[in-house]
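# Architecture and fold: a report
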Amino acid sequence: MKKINRRTKVIIFTIIIALIIIGAYIAGILIPDSAVAPDFSNTKLPPSFSHPFGTDWLGRDLFLRTLKGLSISLTIGIMASLISGAAAVLIGIAAAMGSRRIDGIINWIIDLVMGVPHTILIILISFACGRGMKGLLLGIAVTHWTGLARLIRSEVLQLRNQQYVAVSRKLGKSGSWILVHHLLPHLLPQFFVGLVLMFPHAILHEAAISFLGYGLPPEQPAIGIILSESMKYLSAGMWWLAVFPGALLVGIVLLVDRLGDNLRMIIDPYSAQE
């Protein structure tokens, strides 16, 4: 029997992680609102076979509500990461390809954004936008592009000095042609891996801001809302209201983080070993 090498194991493990995350996301989307409606005949039930995560003070099934809330958190994380990732690529390319003055201004902005704690900046942006989905999404997108932008900038600075780029310039190729045919193909792997690694930070910040009351409205079953509501009932012994949703959130975040590390190892195994 042929022995499976390390790279194949990493690919298999990555596919399994991706299927788990996609499965949890789809399951949360398919859960109807009626399944998480109040049922006062089943209030404050501890975990059981019929209710794996127990029920809350309104009789809502906490397992189904947590899955539905997780899908909301994942949706916000995906959208914020895509916006932030696209901005990081454009800003990183502009810094590397522009003049020294533009590069200096962009680096100053990056230092400024990184110098302010993300949680505080997201709260300020969310509050300024009237809270809710729009403000939370904008706040997360604005605060998570800096690291990837610096990576893209350094990558472009190295690529623009390569011999094949210099040859294309001597052949009369325009800057846009060089960008599309030489730079972007090399930047796509870094963009994709950076996007996945950005994703768990976006999920955690969404949960934290909603927990503090500056994110999603209380009627939406986001993980942060569930954890915030559970604080009122922990002293009454209803520990499952916080333990299971929190554990599921941490588990998904760890899986996504591991997925990003595996993708980086698959795409660029040499840099992953450094």
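The notes below deal with the structure included here. (Residues numbered from 1 in each chain as written. Predicted model: local features only at pLDDT ≥ 70, side-chain atom pairs only at ≥ 80, totals over all residues. Heavy atoms only, no water.)

## Some words on the overall build of the chain
Filter applied, for reference: Starting at the N terminus, helices and strands are each numbered in turn, a helix being any DSSP run of H or I of at least four residues and a strand any DSSP run of E of at least two. A 1.4 Å probe rolled over the protein chains alone gives each residue an accessible area, and that area as a share of the maximum for its type sets the label: buried under 20%, exposed over 50%, partly exposed in between. To be clear on the numbers: accessible area is Shrake-Rupley with a 1.4 Å probe, and residue cover counts the displayed protein chains and nothing else. The charge count includes Lys and Arg as positive and Asp and Glu as negative, but it does not include His or the ends of the chains. Where a charge sits is defined by one atom per residue type, namely NZ (Lys), CZ (Arg), CG (Asp) or CD (Glu).
The secondary structure content of the chain amounts to 11 helices and 0 strands. When the elements of the chain are put in sequence order from the N terminus, they spell out α-α-α-α-α-α-α-α-α-α-α. Dimensions of the chain, computed from C-alpha atoms along their principal axes, come out at roughly 80 × 60 × 30 Å. For the chain, with 274 residues in total, the buried portion stands at 42%. When the accessible surface of the chain is totalled, it reaches about 14,600 Å², and 68% of it is carbon and sulfur. Charge-centre separation for the chain: the mean point of 22 positive side chains lies 11 Å from the mean point of 14 negative side chains.

## Some points on a nonpolar patch on the surface
Inclusion rule: Residues form patches when they are more than 30% accessible in relative terms and have no salt bridge. Like charges link within 9 Å. Nonpolar side chains (Val, Leu, Ile, Met, Phe, Trp, Tyr) link within 5 Å. Salt-bridge detection follows one rule: a side-chain nitrogen of Lys or Arg within 4 Å of a carboxyl oxygen of Asp or Glu.
A cluster of nonpolar residues, Phe127, Phe211, Leu212, Tyr214, Met231, Leu234, Trp239 and Val243, forms a patch on the protein surface that exposes about 750 Å² of accessible area. Positionally, Val243 belongs in helix H10 (residues 240-267). Exposure remark for Val243: the relative accessible area of 43% places this residue in the partly exposed category.

## Observations concerning the nonpolar core
Threshold: Throughout this description, the term nonpolar core refers to a set of buried Ala, Val, Leu, Ile, Met, Phe, Trp, Tyr and Cys residues connected via side-chain atoms within 4.5 Å. We call two residues in contact whenever any of their non-hydrogen atoms come within 4.5 Å of each other.
Ile93, Trp145, Leu148, Ile152, Val156 and Leu187 are the most contacted members of the largest nonpolar core, which has 21 residues in total. Only helix H2 (62-97), helix H3 (100-115), helix H4 (118-128), helix H6 (146-159) and helix H8 (175-212) provide two or more residues apiece to this core. In this view, Ile152 contacts Ala88, Val89, Gly92, Ile93, Leu187 and Gln190; residues no more than four positions away in its chain are not counted.

## A look at the side chain of Ser210
Mapped onto the elements of the fold, Ser210 is located in helix H8. On the basis of relative accessible area, Ser210 is assigned to the buried category, the value being 1%. Beyond its immediate chain neighbours, meaning those up to four positions away, Ser210 contacts Leu136, Gly215, Leu216, Gly224 and Ile225.

## As for the environment of Pro47
With respect to the helices and strands, the residue Pro47 is situated in the loop between helix H1 (6-30) and H2. Exposure remark for Pro47: the relative accessible area of 30% places this residue in the partly exposed category. A sequence separation of 197 residues divides Pro47 from Phe244, and the C-alpha atoms of the two residues are 9.7 Å apart. When neighbours within four sequence positions are excluded, Pro47 is seen to be in contact with Pro52, Phe53, Gly54, Trp239, Trp240 and Phe244.

## As for the packing of helix H9 (residues 223-230) against H10
For the record, the criterion: Inter-axis angles, ranging from 0 to 180 degrees, are taken between N-to-C directions of lines fitted to C-alpha atoms, where helices are fitted over the stretch in contact. Under this scheme an angle from 65 to 115 degrees is roughly perpendicular, one under 35 degrees roughly parallel, and one over 145 degrees roughly antiparallel; angles in between are oblique. For any helix crossing, the convention is left-handed if the near helix is rotated counterclockwise from the far helix by under a right angle, and right-handed if that rotation is clockwise.
For the pair H9 and H10, interaxial distance at closest approach is 9 Å and the crossing angle is 155°. Taken together, the axis directions place H9 and H10 in an arrangement best described as roughly antiparallel. Considering the relative orientation of H9 and H10, their crossing is left-handed. Side by side, H9 and H10 meet where Ile223, Ile226, Leu227 and Ser230 of the first sit next to Leu241, Ala242, Pro245, Gly246 and Leu249 of the second.

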